[in-house]
Amino acid sequence: MRFSERIQGIEASGIRKLFESAGPGAVNLGLGQPDYDTPAHIKEAAIVALREGKTGYTPNAGIPELRAAICEKLRRENGLTYRPEQLIVTAGASEALHLLMQVLVRDGDRVLVPDPGFVSYAALATVAGGKPVGIPADTTLHTDVEKAKELLDGATVMVLNSPSNPTGAVEPEESIRALVEYAADRGVTVLSDEVYEHLTYGKSHVSAARFGENVITVNATSKTYAMTGWRVGFLAAPEEVVDQAMKVHQYCQACATSIAQYAAVAAYTGDQSPVAEMRREYQARRDLMYEGFTRLGIYFPIPEGAFYMFVPFGRQLTERVISKGVVIVPGEAFGRNAKEYARLCYATSRENIAEALHRIGQAVAE
Ligand SMILES: Cc1ncc(COP(=O)(O)O)c(C=O)c1O
């Protein structure tokens, strides 16, 4: 078989490989997903849909109830006004990112992605024929706005991700506004990936689309409602973008899973208290882990969001920690700029966090 250059230009995600290779006694801080079950009322909505036989194709863009619920969510939580025609319900945020890269990126285009940043951005830009260019973080692990500004000339797309995977940084409003405005001046489209919007600890999330027409919002039920396996996300964009993205979506996906869409309606319109509960628990776990590092003499800025800690271990300690049976992700998985870091996901029990800290303490002592 011959394979396309585009597909050979990317590698399989190292994170999944790590996850699959973890031994039986390992504490897994590798994969970034909630350790919660989906709230009961959301599961119930899917069960009802299943019983009612709502098992056929849905409209390509998603069921009208869900698009209406998402419009209402965007108004209520994000201060954004969208019409249902400006939305496509996708198989998770991942599909939305893929569609947008396919639609916006031409061969050889420069696509600015956070570095360190979520593994998919550079890969999806490459598959679309683009050339990913990393936007560095500053010493506090927030986007270096001045550096981003310098990179914008001649770029097509800039990806923003606040709260960030892998750093946990929440960008301040003034940075987001400045980045969107600089991008608009240079004709660059901003993709704002807001999947961790509800996981912030003492900082507020601000949607980039508040500051310009050149912003496309990507979000999902995955992290907010502990629904990673249901595969429901969306993109919200100007209609001309939706028209183009729909072409890829209808040929490769047709629609998001029918019963998962009904579950998502319950998620966005139902009781939001599980979201607050999960956020409180993640914050307690963050504090537990951060205090553990302080006791070990490992200092770094406290992450303000998501459920990751990006720790300056250096490579030797990263390897030693992994050899102690703590699955963590070496920083190089997230780009070129973070080789001396490792990502730890604290969406796991307090017991697991305590055990991981114990083993990390042993690795440090050695
Ligand atoms: C920043 C970011 N965006 C998107 C995704 C993918 O989300 P989904 O599961 O909805 O495709 C992830 C998953 O880890 C993520 O961390």
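Higher on the page you've got the structure.
Scoring rules and cut-offs
Every chain's residues receive numbers from 1 upward, in the order its sequence appears when written. Given that this is a predicted model, residues contribute local features only at a pLDDT of at least 70 and side-chain atom pairs are listed and counted only at 80 or more, while totals for whole chains, interfaces and linings are drawn from all residues. With hydrogens and water excluded, all non-hydrogen atoms of the structure serve as input to the side-chain values. Whenever Lys or Arg places a side-chain nitrogen within 4 Å of a carboxyl oxygen from Asp or Glu, that contact is recorded as a salt bridge. Runs of H or I in DSSP of at least four residues are treated as helices and runs of E of at least two as strands, each being numbered from the N terminus. Think of it in three bands: residues with accessible area under 20% of the maximum for their type are buried, residues over 50% are exposed, and the middle band is partly exposed, with areas taken using a 1.4 Å probe on protein chains only. The pairing criterion is simple: DSSP has to find at least two bridges between the two strands. Between N-to-C directions, angles cover 0 to 180 degrees, with each direction set by a line fitted to C-alpha atoms, over the stretch in contact for helices. Contact definition: two residues touch when any of their heavy atoms are within 4.5 Å. The near set for a molecule or strand comprises every residue that places at least one heavy atom within 4 Å of it. Pairing of N or O atoms within 3.5 Å defines a polar contact, subject to two protein rules: one partner must be a possible hydrogen donor and the other a possible acceptor, and residues neighboring in sequence count only if both atoms are side-chain atoms. The Shrake-Rupley method, run with a 1.4 Å probe sphere, supplies the accessible areas, and residue values consider only the shown protein chains as cover. Three classes are used, and their members are as follows: Ala, Val, Leu, Ile, Met, Phe, Trp, Tyr, Cys and Pro are nonpolar, Asp, Glu, Lys and Arg are charged, and the others, Gly among them, are polar.

Participant: Looking at this structure, I do not really get the pattern of salt bridges. What am I missing?
Facilitator: Between side chains of opposite charge, a pair can form when the charged atoms approach closely. In this structure the tally under the stated criterion is 21 salt bridges. Measuring nitrogen to oxygen at the nearest pair gives 2.7 Å for the salt bridge that ties Arg 75 to Glu 72. With Arg 75 and Glu 72 both in helix H4 (residues 64-78), this residue pair falls three residues apart, about one helical turn. Looking at Glu 72, the relative accessible area reads 33%, which means it is partly exposed. For Arg 315, the salt bridge identified is with Glu 340, shortest N-O distance 4.0 Å. In this pair, Arg 315 is assigned in helix H12 (residues 314-323) and Glu 340 in the loop between strand E11 (329-330) and strand E12 (342-345), connecting sequence segments 25 residues apart. A relative accessible area of 42% means that Arg 315 is categorised as partly exposed. What makes Glu 340 partly exposed here is its relative accessible area of 44%. Overlapping salt bridges bring together Asp 35, Glu 281, Arg 285 and Arg 350 as one network.

Participant: What am I meant to see in the sheet that holds strand E8 (residues 233-236) here?
Facilitator: For sheets, the rule is that strands pair by backbone hydrogen bonds, running either parallel or antiparallel. Here we have seven strands laid out as an open sheet, ordered E2-E8-E7-E6-E5-E3-E4, and mixed in their pairing. The open sheet has two edge strands, strand E2 (87-90) and strand E4 (131-136), and neither has a second partner. Pairs of neighbouring strands in the sheet enclose a mean axial angle of 20°, with direction left out of account. In terms of strand pairing, strand E7 (residues 215-220) meets E8 through four bridges, oriented antiparallel. Counted as the bridge partner of Ala 220 is Gly 233 from E8. In the packing of helix H5 (residues 92-104) onto the sheet, the strands contacted are E2, strand E3 (110-115), strand E5 (155-161), strand E6 (189-193), E7 and E8, and the crossing angle to E7 comes to about 155°. Running at roughly 25° to E2, helix H9 (residues 239-252) makes contact with E2, E7 and E8 of the sheet.

Participant: Honestly, the sheet that holds E11 in this entry has me stumped. Any pointers?
Facilitator: With antiparallel pairing, three strands are arranged side by side in an open sheet as E9-E12-E11. Unpaired on one side and paired on the other, strand E9 (308-311) and E11 mark the two borders of the sheet. Bridging between E9 and E12 involves four bridges; their strand directions are antiparallel. Across the sheet, residue Tyr 308 finds its bridge partner in E12, namely Cys 345.

Participant: Mind showing me how you'd approach the site of the ligand here?
Facilitator: Taken together, 14 residues surround the ligand, and among them Ser 94, Asp 193, Tyr 196, Ser 222 and Lys 223 come closest. A distance of 2.5 Å is found between an oxygen atom of the ligand and a side-chain nitrogen or oxygen belonging to Ser 94. Taking Ser 222, its side chain carries an N or O atom lying 2.6 Å from an oxygen atom of the ligand. Summarising the interface, the protein chains cover 92% of the accessible area of the ligand, which totals 400 Å² for the free molecule. Of all the elements, H5 adds the most residues to the shell around the ligand, at three residues. Split into classes, the residues belonging to the shell around the ligand amount to six nonpolar, five polar and three charged.

No statement about biological role is implied by the geometric values presented.
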